[in-house]
Amino acid sequence: MTRRPRARSSSRQTVLLVLQLAIALALFTVDILTGPGVADGVGYPIVLVLCLWNTKPGYAFAWSAVITILIVAGGLIVPDDNLLHAVSFDRALEVCTIWVIWFLIKAIAPTFND
């Protein structure tokens with residue numbers, strides 16, 4: 001009887017996934033094209049906050065891991081301009097921010113069983 005809402009939910013989740021992928025790839029592209037020192041990791045939490053619309057267990061955790069990989073990969077791809085310590089600290093702070101947001105999402109959304 002309620003197959004239609006399930007299909008609607010599935011299409012919403014597909015749209016959400018595509019939106020998150022588009023935002024993450026756009027931010028990664030900006031990250032590697034702008035070079036070190038630019039606030040390139042500021043947008044990644046947006047991708048993670050969008051996880052609130054998908055209650056699948058592990059979804060937010062998986063996106064946190066993907067974003068962490070993108071942040072680290074961006075640091076490895078961008079050429080070093082003798083700012084290694086500052087850039088490394090900035091990236092570490094970005095990774096910490098992502099995981100703090102994941103923890104907050106997990107805390108306020110008890111349906112996430114990561």
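This is a predicted model, so every value here is computed, not measured.

As for the overall build of the protein
- Helix and strand content of the protein: 4 helices and 0 strands.
- Along the chain direction, N to C, the helices and strands of the protein fall in the order α-α-α-α.
- Counting over 114 residues, the protein shows a buried share of 33%.
- Sequence separation of 24 or more characterises 73% of the internal contacts of the protein that already satisfy a separation of 6 or more.
- Here the protein has roughly 7,400 Å² of accessible surface; of this, 72% comes from carbon and sulfur atoms.

Thoughts on the confidence of the model for the protein
- The predicted model of the protein averages 81 in pLDDT, with 77% of residues at 70 or higher.
- Within the protein, the lowest mean pLDDT, 83, falls on helix 1 (residues 3-34), and the highest, 92, falls on helix 2 (residues 44-49).

A few points about the nonpolar core
- Of all hydrophobic cores here, the largest spans 20 residues; its most connected members are Tyr44, Leu48, Trp63 and Ile67.
- Those elements that provide at least two residues to this core are helix 1, helix 2, helix 3 (59-77) and helix 4 (84-108).
- The element that contributes the greatest number of residues to this core is helix 3, accounting for 6 residues.
- Ignoring any residue separated from it by four or fewer positions in sequence, one finds Tyr44 in contact with Ala24, Leu27, Phe28, Asp31, Ile67, Leu70, Ile71 and Ile98.

Observations concerning the pattern of salt bridges
- Overall, the coordinates contain 1 salt bridge when judged by the stated rule.
- Put simply, Asp31 and Arg91 hold a salt bridge, and the shortest N to O gap is 2.7 Å. Here the residue Asp31 occupies a position in helix 1, and Arg91 occupies one in helix 4, the gap between them amounting to 60 residues. Each member of the pair Asp31 and Arg91 is classed as buried.

Definitions and limits used
- For every chain, the first residue of the written sequence is number 1, and numbering continues from 1 along that sequence.
- Residues qualify for local features only when their pLDDT is at least 70, as the model is predicted, and side-chain atom pairs are given and counted only at 80 or more; totals for whole chains, interfaces and linings, by contrast, use all residues.
- Remark: hydrogens and water are excluded; side-chain values derive from all non-hydrogen atoms of the structure.
- In this text, helices come from DSSP runs of H or I with a minimum length of four residues, and strands from runs of E with a minimum of two, each type numbered from the N-terminal end.
- Categorising residues by exposure relies on relative accessible area from a 1.4 Å probe, with only protein chains included: less than 20% of the type maximum marks a residue as buried, more than 50% marks it as exposed, and the intermediate range marks it as partly exposed.
- Any pair of residues with heavy atoms lying within 4.5 Å of one another is described as a contacting pair.
- Note on areas: Shrake-Rupley, 1.4 Å probe, and residue coverage restricted to the protein chains presented here.
- Along the chain, pLDDT gives the predictor's confidence residue by residue, from 0 to 100.
- Here, nonpolar core means buried Ala, Val, Leu, Ile, Met, Phe, Trp, Tyr and Cys residues that are tied together by side-chain atoms lying within 4.5 Å of each other.
- Throughout this description, the term salt bridge denotes a Lys or Arg side-chain nitrogen within 4 Å of a carboxyl oxygen of Asp or Glu.

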